[in-house]
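# Chain and residue survey
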Amino acid sequence: MGLFALIISNIFVNNYVFARFLGICPFLGVSNKMETATGMGLAVTFVTTFASVITYIIQKSVLDLFGLGYLQTIVFILVIASLVQFVELALKKMSPTLYSAMGVYLPLITTNCIVLGVAILNIQEGYNLIQTTVSAATAALGFFLALVLVASLREKMEIADIPEALVGFPITLIAAGLMSIAFSGFAGLV
Amino acid sequence: MSDILNPIIVLGGLGLLFGVLLSIASKLFAVKVDPKVEELLGALPGANCGACGYPGCAGLANALAEGRAPTNSCSIGGQKVANHVAEILGVNAASFEKKVAVVLCQGDCDKAKNKYEYQGLQDCRIQSTLAGGKKECTYGCVGCGSCFDVCEFNAIRMINDIAVVNRENCTACNKCVEICPKKIIELVPYTNNAVVKCKSQDPGKLVRSYCSTGCIACQICVKNCPTDAFSFENNLARINYDKCINCMVCVEKCPTNAIDNVSIVSDDFAQKFAS
């Protein structure tokens, strides 16, 4: 698959939230305001890309070398958790502005399934390093897009006249479901 | 044997490597945090209401530690928190002036005329975009209760289509002030009793035509005030709370009762809160 097709596939056709249903927790949890949604999206993009590259290197240079493919999940979790800690520490020191923008969301994504899922899927698809980087970045951008879309909807729904039984999460889940169906319209594009 | 040893060595090695890297990083990237910030955070109420103008109590704690905010910044905590904060910072506490929100409109459904019947969503912000709200007076309370919805301290009730604040429950958190599309809620010092409850800048004759309790720009209050606390601009009397001595002459003289004694609580009002 060419890089362009990979980008389109990850953002629209196989959107990690709407088509693969990964990362639903933050998708529902922090999408009530545009500001928090962009902060979370930024943090996830950052971490997913970095984590995928590092897990790729570890998979190729350590796990494959010793024939320990079955340890993939546990090792990747270890890598991601320490990477998030490291990024948080480094960010706090080097860029306080960026830290205050996405710092609070960083610990939340330590063991987020989208970060782990992207890393594992990249290995399964047999991507090389460049493909892995692009795939991870665009997968996270797809997540970012989903988060921003639903956040803008929820901000509107705040003041809309919704039946009492549906106020809050129920209507959000319905909206998310409809959006997922809408995204399935991209199926077959690549 | 290597089937067991290899994974142990690899996993243990990786764990050790990351552990060492993280501990080095924590030393390398250590950021000094002022211990006072933690202490201040403990002293603040932790309501994260944002009334102080900072994002949450943590934001205020930072500002206090850096000396950017006065010790009496927290309106919810009042004098007690101000004293505690001053103690931590080792400075004298600034005296805390308790304020309460007052709705500057009395034009309820009996006193003010409507120009149309509103049947849309019960939200003041939406109604006021529709020809300035249902009331003929475009300055007054539109009565949908957005301030009531946003109040976290059970201090606002809608009585006869007008918002009324319970002075005892109000913590001056500023939320209603910010949400009101008509900007008719203001924070007034708790000790001041005389308040001009009208924001209409229309000429007196026009005000008289649509509201029986609006400020008609007669300036009787300006002439009668013993301390010259009243000023007059844009067809509206304005009271200087610093000069007011609570003599209540203006309240008695005002022909339309637009100036109100806010310390008097009507039975109707008390009942509404009891229920």
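For the structure itself, look to the data block above.
Residues numbered from 1 in each chain as written. Chains lettered and ligands numbered in written order. Predicted model: local features only at pLDDT ≥ 70, side-chain atom pairs only at ≥ 80, totals over all residues. Heavy atoms only, no water.

## Some details on the interface of chain B and chain A
Listed by partner, the interface residues are 19 residues for chain B and 21 residues for chain A. Carbon and sulfur atoms make up 86% of the area that chain B and chain A hide from each other, which totals about 1700 Å². Per-residue buried area on chain B facing chain A is highest for Phe 18, Leu 22 and Phe 29 of chain B; these three make up 32% of the total on that side. Here chain B is connected to chain A by 0 salt bridges. Taken together, chain B and chain A are joined by 0 residue pairs in polar contact (both at pLDDT 80 or more). Elements with a minimum of two residues in the side of chain B that touches chain A: helix 1 (2–28) and helix 5 (124–127) of chain B. For the side of chain B that touches chain A, the leading source of residues is helix 1 of chain B, giving 12 residues. Partitioned by chemical class, the residues of the side of chain B that touches chain A number 13 nonpolar, 3 polar and 3 charged. (Contact = heavy atoms within 4.5 Å. Buried area = accessible area lost by both parts, 1.4 Å probe. Salt bridge = Lys/Arg side-chain N within 4 Å of Asp/Glu carboxyl O. Polar contact = N/O pair within 3.5 Å; in protein donor to acceptor, adjacent residues only side chain to side chain. Helix = DSSP H or I, 4+ residues; strand = E, 2+ residues; numbered from the N terminus. Nonpolar A, V, L, I, M, F, W, Y, C, P; charged D, E, K, R; others polar.)

## Notes on the pairing of strand 2 (residues 156–159) of chain B
Residue and element names in this part refer to chain B. Bridge analysis of strand 2 against strand 3 (residues 162–165) gives 4 bridges, and the strand direction is antiparallel. Within strand 3, the residue paired with Ile 159 across the bridge is Ile 162. Between strand 2 and the antiparallel strand that follows it, strand 3, lie 2 residues; Asn 160 among them carries a positive phi value of about 55°. (Pairing = 2+ DSSP bridges.)

## As for the pattern of salt bridges
Overall, the coordinates contain 8 salt bridges over all chains when judged by the stated rule. Two residues, Asp 123 of chain B and Arg 125 of chain B, come together in a salt bridge whose shortest N-O distance is 3.0 Å.

## Structural notes on the packing of aromatic side chains
Residues and elements named next belong to chain A. Across all of its chains, the model carries 6 aromatic pairs over all chains by this definition. For the pair Phe 18 and Phe 183, a centre-to-centre distance of 4.7 Å together with 40° between the ring planes defines the contact as tilted. Here the residue Phe 18 occupies a position in the loop between helix 1 (3–13) and helix 2 (24–29), and Phe 183 occupies one in helix 8 (residues 169–183), the gap between them amounting to 165 residues. Under the relative-accessibility criterion, Phe 18 is labelled buried at 3%. (Phe/Tyr/Trp six-rings, centres within 6.5 Å; stacked < 30°, edge-to-face > 60°. Buried < 20%, exposed > 50% of the residue type's maximum accessible area, 1.4 Å probe, protein only.)

## Points about the nonpolar core
It is characteristic of soluble globular proteins that their nonpolar side chains tend to be buried jointly. Membership of the largest hydrophobic core comes to 51 residues, with the highest contact counts inside it found for Phe 27, Val 75, Phe 76, Leu 106 and Ile 114 of chain A. In terms of residue count, helix 3 (residues 34–66) of chain A provides more of this core than any other element does, 10 residues in total. Among residues more than four places away in sequence, those in contact with Leu 106 of chain A are Ala 43, Val 47, Val 84, Val 87, Glu 88 and Leu 91 of chain A. If you look at the next biggest cluster of nonpolar residues, it comprises 24 residues, including Leu 104, Cys 215, Phe 230 and Cys 244 of chain B. (Core = buried A, V, L, I, M, F, W, Y, C linked by side-chain atoms within 4.5 Å.)

Any functional reading would require information that these geometric values do not contain.
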